[in-house]
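An overview of the molecular structure
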Amino acid sequence: MFWENHNSTTPQKPQYMSAIFYFGEEQKMLAHKSRDEHQEKSVRKIVTKILPAETFYDAEGYHQKYLLRQHRPLLESFQLSDHALVTSHAAARLNGYLGGYGSPCGFQEESKQLGLSADQIDYVNKAMSESSGGEYCSL
């Protein structure tokens, strides 16, 4: 999933770079193996860095849940503080769905577990349908 959901061959500034951070030798080995397998399928050289996990710094607030932030009415309906937005599981899942990482049926199945209101569910369904050219779930 990691390799299919971003461009691993385009060099970026450090704050936007593609990277895998590992804890321990086993994770390091698995990361290298995964990269090597993906490289066999790619014409361009993979530039994703494989680095030991060290001190991690959260991105600035305006980067947090960036895709969800583009849907201001939905975001405001949650009435979350900046800190709560960063740590919210539901906000993370919605950020992914709104970014096209998930299917309408997957969202329908998960929406009740996320504690969303009917209005919030309708908003996300509409946004997903618009961004996917009218795709919807017929559950």
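Per chain, residue numbering runs from 1 following the sequence as it is written. Only residues with pLDDT of at least 70 get local features here, since the model is predicted, and only at 80 or more are side-chain atom pairs given and counted; chain-wide, interface and lining totals rely on the full set of residues. Computation of side-chain values covers all heavy atoms of the structure but excludes hydrogens and water.

**A few points about the overall build of the chain**
- Put simply, DSSP H or I for four residues or longer makes a helix, DSSP E for two residues or longer makes a strand, and each gets a number counted from the N terminus. Scanning the chain from terminus to terminus reveals 7 helices and 2 strands.
- Per-residue burial over the chain gives 30% buried out of 139 residues.
- Contact definition: two residues touch when any of their heavy atoms are within 4.5 Å. Look at the contacts in the chain between residues 6 or more apart in sequence, and 61% of them connect residues 24 or more apart.
- Computed with a 1.4 Å probe, the accessible areas rest on the Shrake-Rupley method; for each residue, only the protein chains presented here act as cover. Put simply, the chain shows about 9,800 Å² of open surface, and 52% of that area lies on carbon and sulfur atoms. Accessibility here uses a 1.4 Å probe with only protein chains present; expressed as a share of the type maximum, an area under 20% marks a residue as buried, one over 50% as exposed, and anything in between as partly exposed.

**Topic: the pairing of strand S2 (residues 49-52)**
- Whether two strands pair comes down to DSSP finding at least two bridges between them. When strand S1 (residues 19-22) meets S2, the two strands line up parallel, connected through 4 bridges. Along S2, the bridge assignment pairs tyrosine 22 with proline 52.

**What about a nonpolar patch on the surface?**
- A cluster of nonpolar side chains, Tyr66, Leu67 and Tyr101, forms an exposed patch at the surface whose accessible area comes to about 310 Å².
- Mapped onto the elements of the fold, leucine 67 is located in helix H2 (residues 66-69).
- A relative accessible area of 31% places leucine 67 in the partly exposed class. Put simply, a patch holds well-exposed residues, over 30% relative accessible area, that have no salt bridge, with like charges counted together within 9 Å and Val, Leu, Ile, Met, Phe, Trp or Tyr side chains within 5 Å. The term salt bridge refers to a side-chain nitrogen of Lys or Arg lying within 4 Å of a carboxyl oxygen of Asp or Glu.

**Structural notes on the layout of surface pockets**
- Grid spacing is 1 Å over the protein atoms alone, the probe is 1.4 Å, and a cavity is where that probe fits but cannot get out, while a pocket is an open set with protein on both sides within 12 Å along at least five of seven lines and lining residues have an atom within 4 Å of a point. Grid points are joined across faces, edges and corners, and a volume is the space filled by probe spheres set on the points. Looking at the largest pocket, its volume works out to about 980 Å³.
- Every residue lining the largest pocket is counted, 28 residues in all, and those nearest its centre are Gln15, Tyr16, Met17, Phe56 and Ala59.
- Class assignment for the residues of the lining of the largest pocket results in 15 nonpolar, 10 polar and 3 charged.
- One number sums up the size of the second largest pocket: a volume of about 170 Å³. Each residue is assigned to one of three groups, with Ala, Val, Leu, Ile, Met, Phe, Trp, Tyr, Cys and Pro labelled nonpolar, Asp, Glu, Lys and Arg labelled charged, and all others, Gly among them, labelled polar.

**Comments concerning unusual backbone geometry**
- One non-glycine residue with positive phi stands out, namely lysine 65, at about 50 degrees.
- Even without being a glycine, glutamine 79 presents a positive backbone phi close to 50 degrees.
- Mapping glutamine 79 onto the fold places it in the loop between helix H3 (72-78) and helix H4 (82-87).

**Concerning the packing of aromatic side chains**
- Only the six-membered ring of Trp is used, alongside the rings of Phe and Tyr, when aromatic pairs are assigned; centres must lie within 6.5 Å, and planes under 30 degrees apart are stacked while those over 60 apart are edge-to-face, with the rest tilted. Counted according to the given criterion, the structure contains 2 aromatic pairs.
- With a centroid separation of 5.3 Å and an interplanar angle of 70 degrees, the aromatic rings of tyrosine 97 and phenylalanine 107 are classed as edge-to-face. Pair noted here: tyrosine 97 is in helix H5 (residues 89-98) and phenylalanine 107 is in helix H6 (residues 104-111), with a separation of 10 residues, a long-range link. Phenylalanine 107 matches tyrosine 97 in its accessibility class, with the two residues each being buried.

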